[in-house]
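What the coordinates show
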Amino acid sequence: FDKSCLLIYLHSPLHRDVDNFCQKTLCNHRVLAYLNGENYVSCLAESVHSAEGSYLSTFLGVCSYPFVALLSVKSRSSSSSNANPPNVNNATMELLLRMEGEALTKLRPEQFVAYIGTTVRRHKDALEEVERRRLQREEEARLREEQDREFQEALLADQQREIARREEEERIRLEQLRIEEETRNAEEEAALKLTTARSMVRDEPPKGGSEPTARVRLTLPNGKRIDRRFYASDTVDVIRAFLIVRFHEQEIPIENFSLSTNFPKKTFDDGSLTLKEAGLCPQAVMMIQDLDA
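The rules behind each value
- Residues numbered from 1 in each chain as written.
- Predicted model: local features only at pLDDT ≥ 70, side-chain atom pairs only at ≥ 80, totals over all residues.
- Heavy atoms only, no water.
- Helix = DSSP H or I, 4+ residues; strand = E, 2+ residues; numbered from the N terminus.
- Buried < 20%, exposed > 50% of the residue type's maximum accessible area, 1.4 Å probe, protein only.
- Lys, Arg positive; Asp, Glu negative; His and termini not counted.
- Salt bridge = Lys/Arg side-chain N within 4 Å of Asp/Glu carboxyl O.
- Polar contact = N/O pair within 3.5 Å; in protein donor to acceptor, adjacent residues only side chain to side chain.
- Contact = heavy atoms within 4.5 Å.
- Core = buried A, V, L, I, M, F, W, Y, C linked by side-chain atoms within 4.5 Å.
- Pairing = 2+ DSSP bridges.
- Axes fitted to C-alpha atoms, helices over the stretch in contact; angles between N-to-C directions.

To continue, consider the side chain of R228. Along the chain, R228 turns up in strand β6 (residues 225-231). For the buried R228, no salt bridge is present, and the opposite-charge side chain at shortest range is E204, 4.5 Å distant. A polar side-chain atom of R228 sits 2.9 Å from the main-chain carbonyl oxygen of R202. Here R228 is in contact with V201, R202, D203, E204, P205, A214, R215, V216 and F242, once residues within four sequence places are set aside.

In this section: the nonpolar core. Of all hydrophobic cores here, the largest spans 37 residues; its most connected members are I8, L10, V68, L70, M99, F112 and I116. Among the elements of the structure, β1 (5-11), α1 (18-26), α2 (29-37), β2 (41-47), α3 (51-60), β3 (67-75), β4 (91-100) and α5 (109-122) are those that each provide at least two residues to this core. Among the nonpolar cores identified, the runner-up in size contains 27 residues, and I239, A241, L243 and F247 belong to it.

Our next topic: the sheet that holds strand β8 (residues 265-267). Strand-to-strand pairing in sheets goes through backbone hydrogen bonds, with the strands running parallel or antiparallel. Reading across the sheet, the five strands line up as β6-β5-β9-β7-β8 and stay open at both edges, with mixed pairing between neighbours. Among the strands making up the open sheet, the edge pair consists of β6 and β8. The mean angle between the axes of side-by-side strands here comes to 30°, regardless of whether they run parallel or antiparallel. The sheet contact formed by strand β5 (residues 213-219) and strand β9 (residues 283-290) spans five bridges and is parallel. Each bridged residue has a counterpart across the sheet, and for L218 the counterpart in β9 is M286. Strand contacts of helix α7 (residues 236-249): β5, β6, β7 (257-262) and β9, with the helix running at about 120° to β7, the strand carrying the most contacts.

A separate point is the pattern of salt bridges. Under the criterion given, the structure shown has 19 salt bridges. One salt bridge in this structure joins E204 and R229, with 4.0 Å as the shortest N-O distance. Of this pair, E204 sits in the loop between α6 (124-200) and β5 while R229 is found in strand β6, placing the two residues 25 residues apart along the sequence. Residue R215 pairs with D227 through a salt bridge whose shortest N-O separation is 3.8 Å. Residue R215 is located in strand β5, and its partner D227 is located in strand β6; the two are separated by twelve residues in the primary sequence. By relative accessible area, R215 is classed as partly exposed at 41%. By relative accessible area, which is 37% here, D227 ends up partly exposed. Linked by salt bridges that have partners in common, E162, R165, R166 and E169 make up one network.

Printed below as a string of structure tokens:
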């Protein structure tokens with residue numbers, strides 16, 4: 001109930017006076033103006049043929065029609081809704097005024113309003129207390145709803161932070177796995193590269209041997225030099241393999257490099273050429289360029 005007083009009209013269509021009462025009294029402009037402007041009174045009209053109307057008729061001990069009663073209403077629930085009709089089962093009610101039968105039909109509209117107004121004023125203090133408590137319950141309900149909403153919002157924010165934290169942990173875990181896999185692959189590739197290089201490099205040819213050789217001076221980017229003899233039949237890739245092994249053994253941090261000569265100016269990209277085919281016999285000076293520098 002949205003107000004502290006309830007004006008009940010019980011309608012019995014089988015009684016001859018009810019239609020006249022509805023037209024001349026309930027629909028009178030003075031009655032309607034009073035009821036629409038009264039802060040304490042809500043209205044409820046029910047047919048005695050309905051379940052609610054039959055219950056009210058029995059509850060109020062109605063003997064004749066038309067019947068009007070003014071009740072003080074205290075809701076048992078903490079909240080109410082104006083969109084739904086009042087439910088008497090959810091309220092405790094005190095009878096303040098009852099009018100019924102022939103005596104009711106004889107009242108003029110202004111008398112009808114006067115009876116209701118007098119009763120409301122007589123019980124005004126009690127009605128104001130009921131209204132205060134109702135407003136207090138609504139305020140408490142509003143505060144609970146606000147607290148529940150704030151709690152749900154805080155809970156949702158915590159859940160979202162937890163989800164973000166887990167997603168970040170999963171991203172870091174996957175990134176770590178990717179790095180570890182890349183590192184492992186790089187190590188395996190480097191080991192395979194070193195093994196392959198070692199298998200390609202033969203012992204340095206002896207001086208004065210019967211097989212043609214090439215004496216190559218290899219100049220590193222820092223200016224240091226490496227002198228080494230190779231067989232003329234060795235390929236450019238053998239020189240590259242020799243350098244891979246040498247860099248690994250002496251911990252020289254050069255991974256990707258190119259080989260070239262200054263006189264004549266030439267870069268050796270084709271590693272399948274023999275040293276003789278590449279013009280590096282009987283001797284040559286080759287420059288090493290660090291491609292990662």
